Amino acid sequence: MGAIAAGLVACTQNKEASATQQPKDLPNANPFPIVISTWPHIVDNEVALTAIKTGDLLDGIEQGINSVENNPEDQSVGLGGRPDRTGIVTLDACIMDKEHRAGSVCYLKNIKNPISVARLVMQDTPHVILAGDGALQFALSKGFKEEELLTAKSKEEYVEWLKTAHYKPKVNAELHDTIGMLAIDDKGDISGGCSTSGLGYKMQGRVGDSPIIGAGLFVDNEIGAATATGMGELVLTTLGSFLTVEFMRQGMSPMEACKAAVMRTVEKNKNTYKEMQVGYIALDKYGRYGAYSIQPGFQYTVTFENHNEVFDADSYLD
Ligand code: ASP
């Protein structure tokens, strides 16, 4: 059977799975509900799983990501995020649901929970993306409170960085890192979200992949979902999360799809990829998951009933 025909079969099977329940005999399928996230986020995934079991899928995504945004020790997301090179913390986030709706905020200042604002953009406005002052005004109109997001620790590191002001994005989580979270509920419906303060010491005004639907996140409830972490510029120029979901639509497993998306990035950035990190995680309609990255060191967390595990993703480079 040709690749396209195989893809159509997979697509049909996926639709059947969505209407019924997860096939029990499929290798690597796991019991619903399932939450997966970029990087080690066991506690946050548990928050999400609990909310999904007791509430709904979007509450799970929002509350799981809020848990990371509210943690000042995480210097890549929400409160405590590293600032841009002018010393201001600006946040990007997006969310996408089983109805194929999406909401996003970018260049948002002084609001520690951009994923919650993104959810309200999705639910309460005719738009998908709100940026900068408009996003802030919208958040304030919804009752969010402004606060200083630059913590003493992130400020101290920034002041140290200013001594050389040498900017070189590093691989893995040293200076950047996104919480990307995907989940499937017990009905087999899928949603996802991601949130970040972006690259530490980025240029003022820089927006990365994380608030861009198809780049930092993509959900197709008939097929699966994917989300990205790493050098946003490379994710943006390949629309990597959309690409990963499209590869799953063609019949690839989540792991194969993440690998194929990383390989696209490698092929298109032959002169620079060795210095860069990009990683994807994906979840399909059957509850199978996978991940792949350019560099070693990318980890992801998988959580379902009585199971919580951090995995090392396979990578293109050793
Ligand atoms: N992808 C994020 C961005 O480029 C950062 C990261 O995940 O490391 O803004």
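Each value, and the rule that gives it
- Residues numbered from 1 in each chain as written.
- Predicted model: local features only at pLDDT ≥ 70, side-chain atom pairs only at ≥ 80, totals over all residues.
- Heavy atoms only, no water.
- Helix = DSSP H or I, 4+ residues; strand = E, 2+ residues; numbered from the N terminus.
- Buried < 20%, exposed > 50% of the residue type's maximum accessible area, 1.4 Å probe, protein only.
- Contact = heavy atoms within 4.5 Å.
- Areas by Shrake-Rupley, 256 points an atom, 1.4 Å probe, with all protein chains shown as cover.
- Pairing = 2+ DSSP bridges.
- Axes fitted to C-alpha atoms, helices over the stretch in contact; angles between N-to-C directions.
- Salt bridge = Lys/Arg side-chain N within 4 Å of Asp/Glu carboxyl O.
- pLDDT = per-residue confidence, 0-100.
- Core = buried A, V, L, I, M, F, W, Y, C linked by side-chain atoms within 4.5 Å.
- Phe/Tyr/Trp six-rings, centres within 6.5 Å; stacked < 30°, edge-to-face > 60°.
- Lys NZ or Arg CZ within 6 Å of the ring centre and 35° of its normal.
- Disulfide = S-S within 2.5 Å.
- Expected span 1.5 Å × (residues − 1).
- Polar contact = N/O pair within 3.5 Å; in protein donor to acceptor, adjacent residues only side chain to side chain.
- Parallel < 35°, antiparallel > 145°, perpendicular 65-115°, else oblique.

(A) Looking closely at the overall build of the chain. Scanning the chain from N- to C-terminus turns up 9 helices and 13 strands. Counting the 318 residues in the chain, one finds 58% classified as buried. Relative to all contacts within the chain whose residues are 6 or more apart in sequence, the contacts with residues 24 or more apart total 65%. Of the roughly 13000 Å² of accessible surface on the chain, a fraction of 52% belongs to carbon and sulfur atoms.

(B) Broad picture of the sheet that holds strand E3 (residues 102–108). Strand order in the open sheet made by the 8 strands is E4-E3-E2-E6-E5-E1-E11-E12, with mixed pairing throughout. Of all the strands in the sheet, the pair left with one neighbour each is strand E4 (129–131) and strand E12 (307–312). For this sheet the average axis-to-axis angle between neighbouring strands, irrespective of direction, equals 10°. In terms of strand pairing, strand E1 (residues 34–38) meets strand E5 (residues 179–184) through 4 bridges, oriented antiparallel. Looking at the pairing, Val35 lines up with Ala183 of E5.

(C) Main features of the pattern of salt bridges. Here the structure, examined in full by the defined rule, presents 13 salt bridges. Salt-bridge contacts for Asp59 lead to Arg119; the nearest nitrogen and oxygen are separated by 2.8 Å. Pair noted here: Asp59 is in helix H3 (residues 57–69) and Arg119 is in helix H4 (residues 114–124), with a separation of 60 residues, a long-range link. You can call Asp59 partly exposed: its relative accessible area is 24%. Connected via shared salt-bridge partners are Asp59, Glu62 and Arg119.

(D) Local environment of the confidence of the model for the chain. Summary statistics for the chain give a mean pLDDT of 90 and a share of 89% for residues scoring 70 or more. Taken as a whole, residues 1–23 scores under 50 in pLDDT and shows 29 contacts with residues more than four places along the chain or in a different chain.

(E) Broad picture of the sheet that holds strand E7 (residues 217–220). One open sheet holds the 5 strands; their spatial order is E7-E8-E9-E10-E13, and the pairing between them is mixed. At either margin of the open sheet sits one strand with a lone partner, and together these are E7 and strand E13 (314–315). Note: E7 against strand E8 (residues 224–230), 4 bridges, orientation antiparallel. Directly across from Asp220, in E8, lies its bridge partner Gly224.

(F) Broad picture of the nonpolar core. Core analysis: the biggest nonpolar cluster contains 49 residues, and Ile34 and Tyr280 have the highest contact counts within it. It is helix H9 (residues 254–268) that contributes the most residues to this core, 6 residues altogether.

(G) Region of the structure containing the packing of aromatic side chains. Applying the stated rule across the entire model yields 9 aromatic pairs. Their ring planes at 65° and their centres at 6.3 Å tell us that Tyr289 and Tyr300 sit as a pair that is edge-to-face. Of this pair, Tyr289 sits in strand E10 (residues 289–293) while Tyr300 sits in strand E11 (residues 299–304), and the two are 11 residues apart along the sequence. Here a set of aromatic residues connected by ring pairs shows up, and it is made of Tyr158, Trp161 and Tyr201. Directly above the ring of Tyr167 sits Arg85, whose terminal nitrogen or CZ lies 4.8 Å from the centroid.

(H) Region of interest: the state of the cysteines. Counting across every chain of the model gives 0 disulfides. Note on Cys194: no disulfide assigned, nearest cysteine sulfur contributed by Cys94 at a separation of 3.9 Å. Judged by its relative accessible area of 0%, Cys194 is buried.

(I) Local environment of H3. The first and last C-alpha atoms of H3 sit 18 Å apart over 13 residues, in line with the 18 Å expected at 1.5 Å per residue. Of all 13 residues in H3, 10 are buried; the element is thus mostly enclosed. Those residues of H3 lying buried are Leu57, Leu58, Gly60, Ile61, Glu62, Gly64, Ile65, Asn66, Val68 and Glu69. Packed against the buried residues of H3 are helix H2 (42–54), strand E2 (91–96), H4, E5 and strand E6 (190–196). A distance of 3.1 Å separates the backbone nitrogen of Leu58 from a side-chain oxygen at the start of H3, and that oxygen is part of Asp56.

(J) Representation of the packing of H3 against H4. For the pair H3 and H4, the least separation of the axes is 8 Å and the interaxial angle reads 150°. When the axis of H3 is compared with that of H4, the two are roughly antiparallel. Side by side, H3 and H4 meet where Leu58, Asp59, Glu62, Ile65, Asn66 and Glu69 of the first sit next to Pro114, Ile115, Ser116, Arg119, Met122 and Gln123 of the second.

(K) Region of interest: unusual backbone geometry. A cis amide bond, omega -5°, links Phe32 with the succeeding residue Pro33. Located in the positive-phi region is Trp39, a residue other than glycine, with phi close to 70°. With respect to the helices and strands, Trp39 occurs in the loop between E1 and H2. By relative accessible area, Trp39 is classed as buried at 5%. One non-glycine residue, Asn306, lies in positive phi territory at about 60°. In this structure, Asn306 sits in the loop between E11 and E12. We classify Asn306 as exposed; its relative accessible area is 79%.

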